[in-house]
Amino acid sequence: MTAGVLAGVRVLELGQVLAGPFAGAILADLGADVVKVERIDGGDDARRMGLAFRHGDALNFQVFNRGKQSVALDLKSAEGRAAFERLAGQADIFIHNLRPGVPEALGIDGPALTARHPRLIYCGISAFGAAGPMAMRPGYEPLIQAFSGLSSTNGGPQDPPLRAGASVCDQGTGMWAVIGALALLQRRHRTGRGGIVGSSLLETALTWNGQKADAYVNEGKLPERHRSGHPGFVPYEAFDTADAPLLICCGNDRLFAKLASELGRTDWLQDVRFATNRARLAHKAALFEQLMPLLAARPRAEWIARFEAAGVPCAPIHTVPEALAHPQVQALGMLAPVPGEDFRLTALPITIDGERPALQGGAPRLGQHNAAHGVAAIDTRASPQETSP
């Protein structure tokens, strides 16, 4: 079973809300034994990040903490610190996204913890990175998207700066932490020593926006804003048909020739303004003046059938329910059952040996696994969780 591909790897997570917990969830899905350390007074804030979904916790907590164990500790107490130290000594990988300064105050910063546990792979996630004048500042997804310039590239020319709908910085940083951890795990097989992985939401945002930043740095080109288009290809964006929008992607002149043929406009191929992609970039408005009325004359389903038959890349712009109901999405089996629960969650977007890693279980109750790890149980009645629906 691919679910056990990381069987035997022990992960200790001290994560809040999203980036750190997502890294832990990836490793748990891959079969690692993930122990999530939480505050005694309420645990991870994500437990209340929305209405109660199951067991008094929000759906977001289930999404990012499936398959883990929960140990509730008071890290300000001697007993709590001793228990944490024991767990760290048993772990292969430690992940946290604590506020800057907190690890140092607790004595669990990278240099200190790896000095005590040389085989430990330490993954620290921050908002703005480990260096610079803002290194000590906390941050959230929309703040980082705004600060990094990522928001400024979303939307069309007349739109205000827009946040990307997905938490691309938080989840992306969790992915980088996992990649770094697995790289150091491989190195440890050779050297016997662990190491320190550092990543941040800002670095992730800058990486996602790197294509546009590199164009500015090397060519002096400010990013152009295209709601659905592309700065390097024409036509390569959404168009209105008679009843619904359709995305068309002509990524080279061969594909444009197929589009022109299907639209009955092979004359475009002899027109110096439209014959090549570079010419079309320079004369986009003139091309669209002719292209848009043609597409608007017929319904989307007809165009999709014709374009797909002709080999022109295109796609309907789906709503979330439409996407989930599509046979292609259904065939991939991305929605996976949660063992022991009555709901499904989106699984990892990878297969190993032809199998998608299975979810290992639902998210744990606060302190559910204290006894299993030799830690005194907590009184969950004092926890500000709501009753299950």
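Residues numbered from 1 in each chain as written. Predicted model: local features only at pLDDT ≥ 70, side-chain atom pairs only at ≥ 80, totals over all residues. Heavy atoms only, no water.

A. Focus on a nonpolar patch on the surface. On the surface, a nonpolar cluster with roughly 290 Å² of combined accessible area is contributed by Trp-176, Ile-179 and Trp-208. With respect to the secondary-structure elements, Trp-176 resides in helix H7 (residues 168–191). (Patch = residues over 30% accessible without salt bridge, like charges linked within 9 Å, V, L, I, M, F, W, Y side chains within 5 Å. Areas by Shrake-Rupley, 256 points an atom, 1.4 Å probe, with all protein chains shown as cover. Salt bridge = Lys/Arg side-chain N within 4 Å of Asp/Glu carboxyl O. Helix = DSSP H or I, 4+ residues; strand = E, 2+ residues; numbered from the N terminus.)

B. Representation of the pattern of salt bridges within the structure. According to the stated counting rule, one finds 21 salt bridges in the structure shown. Of the charged contacts, one joins Lys-36 and Asp-44 as a salt bridge, the two residues approaching to 3.0 Å between their closest N and O atoms. For the residue pair Lys-36 and Asp-44, the accessibility class agrees, reading buried in each case. Arg-39 is paired through a salt bridge with Asp-41; the nearest N and O atoms lie 3.4 Å apart. Judged by relative accessible area, which is 54%, Asp-41 ranks as exposed. Taken together, the salt bridges that share partners define one network made up of Glu-13, Lys-36, Asp-44 and Lys-68. (Buried < 20%, exposed > 50% of the residue type's maximum accessible area, 1.4 Å probe, protein only.)

C. Molecular detail of the environment of Lys-76. With respect to the element layout, Lys-76 can be found in the loop between strand E5 (69–73) and helix H3 (78–90). Classification of Lys-76 by relative accessible area gives exposed; the value is 74%. Residues Lys-76 and Leu-18, 58 residues apart in the sequence, show an inter-C-alpha distance of 23 Å.

D. Quick peek at the pairing of strand E2 (residues 33–39). Burial analysis of E2 places five of its seven residues in the buried class, which makes it a mostly covered element. In terms of handedness, the path from strand E1 (residues 10–14) via helix H1 (residues 19–29) over to E2 forms a crossover that is right-handed. Sheet topology note: the E2/E5 ladder contains five bridges and is parallel. In the strand pairing of E5, Val-35 is matched with Gln-69. (Right-handed = clockwise from strand over helix to strand, strands pointing away. Pairing = 2+ DSSP bridges.)

E. Quick peek at the sheet that holds strand E7 (residues 121–126). What the six strands build is an open sheet, ordered E5-E2-E1-E6-E7-E8; its pairing is parallel. In this open sheet, the two edge strands, each paired with only one partner strand, are E5 and strand E8 (195–200). Going across the sheet, the axis of each strand differs from the next one's by a mean of 20 degrees, ignoring polarity. Packed onto the sheet, helix H8 (residues 201–208) meets E7 and E8 and runs at close to 65 degrees relative to E8. (Axes fitted to C-alpha atoms, helices over the stretch in contact; angles between N-to-C directions. Contact = heavy atoms within 4.5 Å.)

F. The arrangement of the layout of surface pockets in detail. Volume-wise, the largest pocket comes out at about 970 Å³. Lining the largest pocket are 38 residues, with Gln-16, Arg-39, Asn-97, Leu-98 and Arg-99 positioned closest to its centre. Every element with two or more residues in the lining of the largest pocket is listed here: E2, helix H4 (102–106), E7 and helix H6 (141–148). With three residues, E2 is the single largest residue contributor to the lining of the largest pocket. (1 Å grid on protein atoms, 1.4 Å probe; cavity = no way out; pocket = protein on both sides within 12 Å on 5 of 7 lines; lining within 4 Å. Points joined across faces, edges and corners; volume = space filled by probe spheres on them.)

G. Main features of H8. Regarding H8, the residues found buried are Leu-201, Leu-202, Thr-204 and Ala-205. Viewed end-on, H8 has its buried residues packed into an arc of 160 degrees, placing them on one side of the element. Those residues of H8 hidden inside the fold are in contact with H1, E7, H6, H7 and E8. (Arc of directions from axis to C-beta.)

H. Up close: the nonpolar core. Counting residues in each nonpolar core, the largest one holds 35 residues, and the members touching the most others are Val-11, Leu-27, Ile-93, Ile-95 and Ile-144. Going through the elements one at a time, H1, strand E6 (93–96), E7, H7 and H8 are the ones with two or more residues in this core. Val-11 has contacts with Leu-27, Ala-32, Asp-33, Val-34, Val-35, Ile-93 and Ile-95, leaving out every residue within four places of it along the chain. One finds Val-234, Leu-259, Leu-295 and Trp-303 within the second-largest nonpolar core, a separate group that totals 21 residues. (Core = buried A, V, L, I, M, F, W, Y, C linked by side-chain atoms within 4.5 Å.)

I. Structural view of the sheet that holds strand E10 (residues 245–249). Pairing is antiparallel in the open sheet, where three strands are placed in the order E9-E10-E11. Sheet topology places strand E9 (236–240) and strand E11 (314–316) at the edges, where each strand pairs with a single neighbour. Between one strand axis and the next, the sheet turns through 25 degrees on average, direction left out of account. Here five bridges tie E9 to E10, and the two strands are oriented antiparallel to one another. When the sheet's bridge partners are listed, Glu-237 is paired in E10 with Ile-248.

J. Examining the confidence of the model for the protein more closely. Overall, the prediction assigns the protein a mean pLDDT of 93, with 97% of residues at 70 or greater. When the criterion is pLDDT under 50, residues 382–389 qualifies, and its contacts beyond four places in sequence or with other chains add up to 20 contacts. (pLDDT = per-residue confidence, 0-100.)

K. Expanded view of the packing of aromatic side chains. Per the counting criterion, the structure on display carries 11 aromatic pairs. Both rings, one in Phe-22 and one in Phe-64, keep their centres 5.8 Å apart while their planes meet at 85 degrees; by these two values the pair is edge-to-face. Of the two residues, Phe-22 is situated in helix H1 and Phe-64 in helix H2 (residues 59–65); the sequence distance between them amounts to 42 residues. Overall, the relative accessible area of 13% leaves Phe-22 in the buried class. Residues Trp-176 and Trp-208 carry aromatic rings whose centres are separated by 5.8 Å and whose planes lie at 35 degrees to one another, so their mutual orientation is tilted. With Trp-176 in helix H7 and Trp-208 in helix H8, the pair connects residues that are 32 residues apart, well separated along the chain. Relative accessible area serves as the criterion here: at 33%, Trp-176 is assigned to the partly exposed category. (Phe/Tyr/Trp six-rings, centres within 6.5 Å; stacked < 30°, edge-to-face > 60°.)

L. Spatial organisation of helix H12 (residues 284–296). A rise of 1.5 Å per residue sets the reference length of H12, with its 13 residues, at 18 Å; its end C-alpha atoms lie 18 Å apart and thus fit the reference within 8%. Within H12, the axis deviates most sharply at Gln-290, by approximately 25 degrees, and proline Pro-293 lies no more than four positions further along. For H12, the elements touching its buried residues are E9, E10, helix H10 (253–262), helix H11 (277–282) and helix H13 (300–310). (Expected span 1.5 Å × (residues − 1). Bend = angle between axes of the 7 residues up to and from the residue.)

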